[in-house]
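# Summary of structural features
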Amino acid sequence: MTTDNDVQDVTALRTAMIEKIALRHQALGLVLPAEVERALRTVPRNLFTGDVDLQAAYEDTAVVTKRNERGASMSSVSAPWLQAVMLGQAKLKPGDRVLEVGSGGYNAALIREVVGPTGSVTTIDIDPEVTDRAQRFLAGAGYGDVEVICADAEFEIEPGRTFDAIIVTVGSWDVPPAWPSQLAKGGRLVVPLRTWGLTRSWVLEHQDGALVSRDRQVCGFVAMQGAGAHKGTATPLLDADRDHTVGLWRDEKDTIDAAALSGVLNLPRAEVWTGITVGAGIRYSDQDLWLATTLPGFSLITASQKAIDHGIVALPWQYGTPALVDGPNLAYRPKPRPIDGDVFEFGAFAHGPQGEQSARRLADQIAAWNLAGRPEPRLSVHPAGTPNGQLPDGHVLDKEHARLVISWPTAR
């Protein structure tokens, strides 16, 4: 039985959640679309989050709904702020036909509210446990007309069927041909695409036989399963004990000579500070992509919190900071240092026999990014096998199904 107090609690919690989402949008330089806010106020998120309590159901964070035997998340109800951002990126309108890749139920219900009774929503997931749960929750919340399919989204649902928007809610290493082929003319593909280990939610539209970006936002999702699954490579640099670990992560096909880096963190540290600064609260995530596209040997360096706290590496966080593998040398971008009040300076630290030289290579590219006007990246996605001469200028990254080109139109 639902009591008046329960209704009041849900209403208050939902209102607080939406206020947090609006503030996050403001911090990102975005405005929460009115139709998305209305959907957030309408759909009861607690009906899609399983056994967690009401407070947890309306936190602006992801709720994990399935883990594997190692405890890693396999499925979740994504953080509402990110769902709202991606719905805004898709620019949905009443009557749109929408395909969601990755099922949780809640996001499909939000989409259903935005596209209205004249639109349609199809959600697909490879895991029958996930689709069964999504179908059950959707029906219980009054969204039984959402089509739920258990299949591998690497492949077309049916020949010739198209959608006005495709929203992918799993981390994707590649863009399979099924997605552009199912995207209607004028439609939008919103996909959290991983490049060099960096995930961005890209908005892609058809243009001259390719998909071309219109927007991107930093994000993170559970990894794709099925035919589109891809595993990156972890290289330990320090593993003295479980609490003090440092390693490198590569998400593409190149490899690291781990033997050449043996003991590199035990060598003296070179420090180069660039004179390039950033204000507190100002995003500079595009710099990460700049470094990935301009530095051969780009990797991400990760570390346990204790390794950071004990000064083994000076990282801003645990989960992946730009690094450069330069033969037997390792350089990385440390946590920016405070200069004056809320102003912070970028630097480069390095270990190795030519550590200072490697640090300067990294610092030079940070300076080049600044000199270029801190530009925004553009992404175009082309079918695998597209000749180089038919690609636009930029940095080419070959996947299995697609050739990606990231370019940097300068701001000056």
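Since we're looking at a predicted model, the values are computed, not measured. (Residues numbered from 1 in each chain as written. Predicted model: local features only at pLDDT ≥ 70, side-chain atom pairs only at ≥ 80, totals over all residues. Heavy atoms only, no water.)

Here we take up the overall build of the chain. When you go through the chain residue by residue, the secondary structure sums to 10 helices and 20 strands. By the compact-globule yardstick of 22 Å for 412 residues, the chain fits well, its C-alpha radius of gyration being 22 Å. In terms of principal-axis extent, the alpha carbons of the chain reach across some 65 × 55 × 45 Å. A burial count over the chain gives 52% of its 412 residues as buried. At a minimum sequence separation of 6, the contacts of the chain that also span at least 24 residues come to 60%. A total of about 18,600 Å² of accessible surface is found on the chain, and carbon and sulfur atoms cover 51% of it. (Helix = DSSP H or I, 4+ residues; strand = E, 2+ residues; numbered from the N terminus. Rg over C-alpha atoms; globule rule 2.2 N^0.38 Å. Buried < 20%, exposed > 50% of the residue type's maximum accessible area, 1.4 Å probe, protein only. Contact = heavy atoms within 4.5 Å. Areas by Shrake-Rupley, 256 points an atom, 1.4 Å probe, with all protein chains shown as cover.)

Okay, the nonpolar core next. Residues V101, V168, W179 and L189 are the most contacted members of the largest nonpolar core, which totals 51 residues. Ranked by residues supplied to this core, first place goes to helix α10 (residues 355–371) with 5 residues. With 46 residues, the next largest nonpolar core counts V43, A57, F137 and C219 among its residues. (Core = buried A, V, L, I, M, F, W, Y, C linked by side-chain atoms within 4.5 Å.)

Time to look at helix α2 (residues 34–42). Within α2 the residues assigned to the buried category are V36, A39 and L40. In a view along the axis of α2, the buried residues occupy a sector of 100°, so they form one face of it. (Arc of directions from axis to C-beta.)

Let us look at the packing of aromatic side chains. Enumeration according to the criterion identifies 8 aromatic pairs in this entry. The interplanar angle of 90° and the centroid separation of 6.4 Å between the aromatic rings of F48 and F137 together place this pair among those described as edge-to-face. Highlighted residues: F48 in the loop between α2 and α3 (54–57) and F137 in helix α6 (residues 128–140), separated in sequence by 89 residues. Residue class for F48 comes out buried when judged on its relative accessible area of 0%. Here W317 and Y319 contribute two aromatic rings whose centre-to-centre distance is 5.3 Å and whose plane-to-plane angle is 80°, an arrangement assigned as edge-to-face. W317 sits in the partly exposed class, given a relative accessible area of 45%. Given a relative accessible area of 58%, Y319 falls into the exposed group. Grouped by ring-pair contacts, the aromatic residues F48, Y106 and F137 constitute a single cluster. Lying across the ring of W81, R24 places its NZ or CZ 4.3 Å from the centre. Against the face of Y106 rests R45, its NZ or CZ located 5.6 Å from the ring centre. (Phe/Tyr/Trp six-rings, centres within 6.5 Å; stacked < 30°, edge-to-face > 60°. Lys NZ or Arg CZ within 6 Å of the ring centre and 35° of its normal.)

Let us look at the environment of P316. Locating P316 in the fold gives a position in the loop between α9 (305–309) and β14 (321–326). According to the relative accessible area criterion, P316 is partly exposed, its value standing at 38%. Between the alpha carbons of P316 and Q305 there is a distance of 10.0 Å; along the sequence they are 11 residues apart. Not counting chain neighbours up to four residues away, the residues in contact with P316 comprise T321, R333, P334 and K335.

A regular strand places its side chains on the two faces of the sheet in alternate fashion. Counting buried residues along strand β7 (residues 183–195), 11 of its 13 residues qualify, which places the element largely inside the surrounding structure. Two strands pair when backbone bridges link them, and strand β6 (residues 163–168) and β7 are joined in this way by 4 bridges, in the parallel orientation. Considered in β7, the bridge of I167 is made with V190. The sheet contact formed by β7 and strand β8 (residues 198–207) spans 7 bridges and is antiparallel. By the bridge assignment for β8, R194 is matched with T199. Linking β7 back to β8 in an antiparallel pair, the connection comprises 2 residues, with W196 at a positive phi of about 55°. (Pairing = 2+ DSSP bridges.)

This paragraph deals with the layout of surface pockets. Taken as a whole, the second largest pocket encloses approximately 300 Å³ of empty space. Lining the second largest pocket are 17 residues, and of these R216, R283, S285, D286 and E376 sit closest to its centre. Elements with a contribution of two residues or more to the lining of the second largest pocket: β9 (210–218) and α8 (285–294). Tallying contributions element by element places β9 first for the lining of the second largest pocket, with 4 residues. (1 Å grid on protein atoms, 1.4 Å probe; cavity = no way out; pocket = protein on both sides within 12 Å on 5 of 7 lines; lining within 4 Å. Points joined across faces, edges and corners; volume = space filled by probe spheres on them.)

Across the 6 residues of strand β20 (residues 402–407), 5 count as buried, placing the element largely inside the fold. Here strand β18 (residues 378–383) runs beside β20; their pairing, made up of 6 bridges, is antiparallel. Bridge pairing in β20 places P383 opposite A402. In this structure, strand β19 (residues 395–398) lies alongside β20, joined through 4 bridges in antiparallel fashion. Counted as the bridge partner of L397 is L404 from β20. Between the antiparallel neighbours β19 and β20 lie 3 residues.

This paragraph deals with the side chain of H382. Tracing the chain through its elements places H382 in strand β18. At 2.8 Å, the side chain of H382 forms a polar contact with the side chain of S380. Each residue touching H382, except ones within four places of it in the same chain, is listed here: A210, L391, P392, H401, A402, R403 and V405. (Polar contact = N/O pair within 3.5 Å; in protein donor to acceptor, adjacent residues only side chain to side chain.)

Taken together, the 10 strands give an open sheet; going across it, the order is β5-β4-β3-β6-β7-β8-β9-β18-β20-β19, and neighbouring strands pair in mixed fashion. In the strand order of this sheet, the two ends are held by β5 (147–150) and β19, each with one partner. The sheet shows a mean angle of 25° between the axes of neighbouring strands, taken without regard to direction. On the sheet, helix α4 (residues 80–90) packs against β6, β7, β8 and β9 and is oriented at approximately 145° with respect to β7. Here α8 sits on the sheet and contacts β7, β8, β9, β19 and β20; the angle it forms with β8, its principal contact strand, is near 80°. (Axes fitted to C-alpha atoms, helices over the stretch in contact; angles between N-to-C directions.)

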